[in-house]
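# Survey of secondary and tertiary structure
Each chain, letter by letter, is given below.
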Amino acid sequence: MTDLVVRRLLVDMEQPIERHWCAGDAFRTAFFDALSMSFPLGEQFFIDSVRDGFKALPPDQQAHFQSEVQGFIGQEATHRRLHDLYNQHLARRGFVNHWEVRARQRLQLMQGVDVRHWLAITAANEHFTAIFADWMLRNPDLLGDRDPRLATLWLWHSAEESEHKNTAFDLYQALGGSHEWRVRWFRRITVTFLSETLLQTARNLRHDGTLWRWSTWKSAASYLFGRRGLVRQTFRPWKDYLHPDFHPSRHDGAAAERWLAEHRHAYIPVGR
Ligand SMILES: [Fe+2]
Ligand SMILES: [Fe+2]
């Protein structure tokens, strides 16, 4: 069981977000903004999956998971709230969240489906966020220093994603979810997640007027495939999920622990 602390982040999300807040880089800014657009709806789905999965457990198992599930829900609810404020700034500047519209349509297909499918989808997304989070915590300089508030927001979110990466996976296992379905959903989520991220990023860039600039594509290539590139460095941990003996705790969470220990001034623990 993981002990999860809910933290109130001391950042002012009421202040507007500047155009290229991420190191003055159009691609990186559009990419992070796209991810932020996916969170309010996505994280509500994760909360619902975990809450319903918990309810489906026998009472003795519920006692085992209770505080972890509470912590998970508290953390994701806090992420949702702050990213919602973030997204409101984007909406005021005319950015349209197409990702959420499509995700809402897919969600309708999930109504009444066995909770283990919900949890398999959540566990797959949580693996994605955990490996991305770990990569980001190891490369914090790529967020730049133009807006320390947003850098803190992304790194805090990353640290908590790394911290609660076991929860949905463990509930799925406790409910007897199969390896076959876990991997099947992971493959589907990989395709959906990557295509939605890239589509929304491209739309954000088009709205920003920087989609067809050479510098944008150069930045994308180095951010994704360069020496420290996201795709290059997360491919291995991505692939680990396919292994029948995989468990998220096999990936070390030291970068998250370090960030949380070194940034105590940036948050107030509000509960467990
Ligand atoms: Fe989150
Ligand atoms: Fe999460």
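Whatever comes next refers back to the structure up there.
Residues numbered from 1 in each chain as written. Chains lettered and ligands numbered in written order. Predicted model: local features only at pLDDT ≥ 70, side-chain atom pairs only at ≥ 80, totals over all residues.

Here we come to the overall build of the chain. Along its length, the chain carries 10 helices and 2 strands. Secondary structure elements of the chain, listed N to C terminal, follow the sequence β-α-α-α-α-α-α-α-α-α-α-β. At 18 Å, the chain has a C-alpha radius of gyration in line with the 19 Å of a compact globule built from 272 residues. Referenced to the eigenvectors of the C-alpha coordinate spread, the extents of the chain come out at roughly 55 × 40 × 35 Å. The proportion of buried residues among the 272 residues of the chain is 40%. Put simply, of all contacts in the chain between residues at least 6 apart along the chain, 86% involve residues at least 24 apart. (Helix = DSSP H or I, 4+ residues; strand = E, 2+ residues; numbered from the N terminus. Rg over C-alpha atoms; globule rule 2.2 N^0.38 Å. Buried ≥ 20, exposed ≤ 12 C-beta atoms within 10 Å, placed from the backbone. Contact = placed C-beta atoms within 7 Å.)

Turning our attention to helix H1 (residues 26-55). Over its 30 residues, H1 runs 44 Å from end to end, which matches the ideal 44 Å to within 8%, given 1.5 Å per residue. In H1, a bend of some 45 degrees at phenylalanine 39 exceeds every other bend along the element, and proline 40, a proline, comes one to four places later. Across the 30 residues that make up H1, a large majority, 22, are buried. (Expected span 1.5 Å × (residues − 1). Bend = angle between axes of the 7 residues up to and from the residue.)

Before going further, it helps to examine the packing of helix H4 (residues 115-138) against helix H10 (residues 254-262). Their axes nearest at 9 Å, the elements H4 and H10 cross at an angle of 55 degrees. In terms of their interaxial angle, H4 and H10 are classed as oblique. Note on packing geometry: the crossing formed by H4 with H10 is left-handed. Counted together, Asp134, Leu137 and Arg138 of H4 and Ala255, Ala256 and Trp259 of H10 form the full contact between these two elements. (Axes fitted to C-alpha atoms, helices over the stretch in contact; angles between N-to-C directions. Parallel < 35°, antiparallel > 145°, perpendicular 65-115°, else oblique. Left-handed = near helix turned anticlockwise from the far one by under 90°.)

Tracing the backbone through its elements, the reader meets aspartate 84 in helix H2 (residues 59-92). For aspartate 84 and histidine 207, which are 123 residues apart along the polypeptide, the C-alpha to C-alpha distance reads 20 Å.

Turning our eyes to something else, we now look at the nonpolar core. One finds Val50, Leu119, Leu137 and Ala168 to be the most contacted residues of the largest nonpolar core, which totals 57 residues. For this core, the secondary structure elements donating two or more residues are H1, H2, H4, helix H5 (148-163), helix H6 (167-174), helix H7 (179-208) and H10. Considering each element in turn, this core owes the most residues, 15 residues, to H4. Apart from the residues lying within four places of it in its own chain, the contact partners of leucine 119 are Ser49, Gly53, Ala168, Leu171, Tyr172, Leu175 and Gly177. (Core = buried A, V, L, I, M, F, W, Y, C linked by C-beta atoms within 7 Å.)

For the rest of this paragraph, the subject is unusual backbone geometry. The residue alanine 23 is not glycine, and still its phi comes out positive at about 55 degrees. Inspection of the secondary structure puts alanine 23 in the loop between strand S1 (6-9) and H1.

Turning our eyes to something else, we now look at the environment of glycine 226. Tracing the sequence through the fold places glycine 226 in the loop between helix H8 (214-225) and helix H9 (230-240). Taking the number of C-beta atoms within 10 Å as the measure of exposure, glycine 226 has 14 and is therefore partly exposed.

What follows is about H6. Owing to its 3.6 residues per turn, the α-helix brings residues three or four apart onto one side. Of all 8 residues in H6, 6 are buried, a share of seventy percent or more. Contacts from the buried residues of H6 go to H1, H2, H4 and H7. Glycine 176 lies just past H6 and shows a positive phi near 80 degrees.

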